[in-house]
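Notes for the structure review
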Amino acid sequence: MSDSSSSRRRFLQQTAALGLLYSSRHGFAQMQGQMHDMRQMSPAQKPIPNAPDKNVPMLHVLQLTPFVDALPVPETMGVAHPGKLRITMREIHAKIHRDVPPTRMWSYGPTPLAPIIEARSGHPLEIEWVNNLPTTHFLPIDHSLHGCGHDIPDVRTTTHVHGARVPSKADGYPTDWFVPGKSRTCVYPLKQDAAALWYHDHAMGLNRLNTYAGLFGLFLVRDEAEDSLHLPSGKYEIPLILYDRELTADGQLFYPTSGDPEHPWVSEFEGDGIFINGKIRPYFEVEPRLYRFRILNTANSRFFSLSLDTQEPITQIGSDQGLLSAPADLQHLTLAPAERGDVLIDFSRSAGKTLHLRNGALDILQFRVAAQTASPNPSVSVPKTLRTIERIPESSAITTRTITLDEYEDKVGNSMLMLLNHKRWHEPVTERPKLNTTEIWEFVNLTADTHPLHLHLVRFQLLDRRRFDVFSYYTYKKLRYTADAVPPAPGEAGWKDTIQCPPKTITRIIVRFEGYTGNYLYHCHVLEHEANDMMRPFEVIA
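Residues numbered from 1 in each chain as written. Predicted model: local features only at pLDDT ≥ 70, side-chain atom pairs only at ≥ 80, totals over all residues. Heavy atoms only, no water.

The next thing to look at is the pattern of salt bridges. In this structure the tally under the stated criterion is 31 salt bridges. Notably, a salt bridge pairs D342 with R294, separated by 3.4 Å at the nearest N-O pair. One end of the pair, D342, is in strand β20 (residues 340-346); the other, R294, is in strand β15 (residues 290-297), with 48 residues separating them in the sequence. The class of R294 is buried, set by a relative accessible area of 5%. (Salt bridge = Lys/Arg side-chain N within 4 Å of Asp/Glu carboxyl O. Helix = DSSP H or I, 4+ residues; strand = E, 2+ residues; numbered from the N terminus. Buried < 20%, exposed > 50% of the residue type's maximum accessible area, 1.4 Å probe, protein only.)

Given below as structure tokens:
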């Protein structure tokens, strides 16, 4: 480990002890329920901007006055018959805080908030994705990464609807990119339950930069089962899109590099600026009644650990792939990159008060509760049951696949490469599940990080997590468990498409490969890991 890395790590340990460190995938990622024994993670090492970036004057974001900007709410793009949309990527300049000049960014719309696509289950949707971006990237490209050579265009995109069950040709495969001036039309059958999906760039080698630039948005699928619950809707159903950024003194996005011009990739990124719906630490005016919040973590690397400063629980009613079977009251809602949380918050006991949503110890959103409600029907209640979720029996699995999560470091401890099963993206496919069969995938995490693993095409259920002795695994090729298996906590007991895999732990999921044959992929959703090279293809065969 370099001296600068050691100094940074010591600093983070000190600030964590003071309660100032607000969440990372190492230091504050709190596993839900009874996962206390899996919280022994080292504090985050945030990349230090090195040459040639070290002389860039930076904005001290935490010194900005919080809660001076109203929370924006994205425009909803409803889908009418015959179910066709046209969404255009472009460069924009927008205010992220009252006291910061307009910031250059990329978006799927005219504002930092891409439109919310709202569709119905079973009603196919056709979207034309149009690339009107500039031909030059404004963030530092690492041309040494796979699929990122000097011989291909610096600006290229492909849109993946995360969590959608779609044919392979519409999945946003990393090599299916297209350049400015071009477009691609994809059809989404939407043969799936109501859920909060999302869309983002997935271009090979550029996903981390294109997403950081702003290419992401929310995609809500509705169905009759959800409608029948009469959950808060309209202005009482609010999306909260969370991410973090680093900014220069003039308010422009800053993405750090390693300092090596031949390999500027950094192994992770966590910025001081916490954004919600395009604003830094905004406020939101609410009525004293029940609200529904659709929370999405679009950060490159950061985990969010969310709670209320009143110490009241947050009621989780859904996760990645839709509603849970029953509500779960949580003191903290932990979301890894790409995970979603569908929650209810009741402000009826806080009329006339101010309270905050926190990330760790930092207040990131202020709720200003009105003295009385304007709603004609404020007495919306939390349903006792939400839907039936049948657990997939382990006996139905026809095979178990063991997949290791691997990290390679240089001689001073700097991360150089992340792999799955010791294999790079371009190596031959090794996972070929058969259509309409069930498999168990067990992720053996040999690294010091928690990795959020995402499988395209499918939804799955968490079976359990179990800690093991990594030294014994490496040295003697033997698996020695150090604790009992831990079943899913209530908030993870529903359908998932992204799962947190803690270090020194085997995380088991059970998956039914339904829908379509073709080429798909699975990867870590820490975007820096995915880029180098924690991403592998799989093929669903007939």
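This part covers the pairing of strand β21 (residues 354-359). For strand β16 (residues 304-308) and β21, the ladder comprises three bridges, and the chain directions are antiparallel. For S307, the partnering residue across the bridge sits in β21 and is R358. Relative to strand β22 (residues 362-369), β21 runs antiparallel, the two sharing six bridges. For H356, the partnering residue across the bridge sits in β22 and is Q366. Counting the residues that bridge the hairpin from β21 to β22 gives two residues, and of these G360 lies at a positive phi of roughly 65 degrees. (Pairing = 2+ DSSP bridges.)

All right, on to the pairing of strand β8 (residues 195-201) then. When you tally the buried positions in β8, you get seven out of seven residues, the bulk of the element. In the sheet, strand β6 (residues 159-162) pairs with β8 via four bridges, with the strands oriented antiparallel. Considered in β8, the bridge of H162 is made with W198. In this sheet, strand β9 (residues 216-222) lies alongside β8 in antiparallel orientation, the contact comprising six bridges. Looking across to β9, one finds that H200 is bridged to F216.

What follows deals with the confidence of the model for the protein chain. Of the residues in the protein chain, 89% reach a pLDDT of 70 or more, and the chain-wide mean stands at 90. Within the protein chain, the lowest mean pLDDT, 35, falls on helix α1 (residues 3-17), and the highest, 99, falls on strand β26 (residues 451-455). Across residues 1-24 the pLDDT falls below 50, and counting only partners more than four positions away or on other chains, this stretch makes 45 contacts in the model. Counting contacts from residues 26-53, a segment whose pLDDT is below 50, to residues more than four positions away or on other chains yields 93 contacts. (pLDDT = per-residue confidence, 0-100. Contact = heavy atoms within 4.5 Å.)

With that settled, consider the sheet that holds β8. Strand order in the open sheet formed by five strands is β1-β4-β9-β8-β6, and the pairing between neighbours is mixed. Either end of the sheet is taken by a strand with one partner, and the two such strands are β1 (76-78) and β6. Sheet twist, expressed as the average angle between the axes of neighbouring strands with direction ignored, equals 25 degrees. One ladder, built from three bridges, connects β1 with strand β4 (residues 116-120); its direction is parallel. In the strand pairing of β4, G78 is matched with E118. (Axes fitted to C-alpha atoms, helices over the stretch in contact; angles between N-to-C directions.)

Glancing now at the nonpolar core. Of all hydrophobic cores here, the largest spans 105 residues; its most connected members are W129, F219, L240, F293 and F367. At six residues, the largest contribution of residues to this core is made by strand β10 (residues 237-247). Non-local contacts of F219, meaning those with residues more than four positions away in its chain, are made with I117, A119, L125, I127, V161, L190, A195, A196, L197, W198 and Y199. L405, L457, Y522 and C524 belong to the second largest nonpolar core, which has 25 residues in total. (Core = buried A, V, L, I, M, F, W, Y, C linked by side-chain atoms within 4.5 Å.)

Here the focus is the packing of aromatic side chains. Enumeration over the complete set of coordinates arrives at 27 aromatic pairs. Ring centres of F216 and Y243 lie 5.0 Å apart, and the angle between their planes is 65 degrees; on these two criteria the pair is classed as edge-to-face. One end of the pair, F216, is in strand β9; the other, Y243, is in strand β10, with 27 residues separating them in the sequence. The same class applies to F216 and to Y243, which are both buried. Three or more aromatic residues joined by ring pairs make a cluster, and in this case those are Y236, F284, Y291, F293, F347 and F367. Above the ring of W177, the side-chain terminus of R156 is found at 5.7 Å from the ring centroid. The ring of Y236 has R289 lying over it, and the distance from NZ or CZ to the ring centre is 3.7 Å. (Phe/Tyr/Trp six-rings, centres within 6.5 Å; stacked < 30°, edge-to-face > 60°. Lys NZ or Arg CZ within 6 Å of the ring centre and 35° of its normal.)

Quick look at the sheet that holds strand β5 (residues 125-131) now. If you trace the four strands from one edge of the open sheet to the other, you get β3-β2-β5-β7, paired in mixed fashion. Bordering the open sheet on either side are β3 (103-107) and β7 (183-188), each of which pairs with just one other strand. With strand direction ignored, the average angle separating the axes of adjacent strands in the sheet is 20 degrees. Sheet topology places β5 next to β7; six bridges connect them, and they run antiparallel. Bridge pairing links E126 to V187 in β7.

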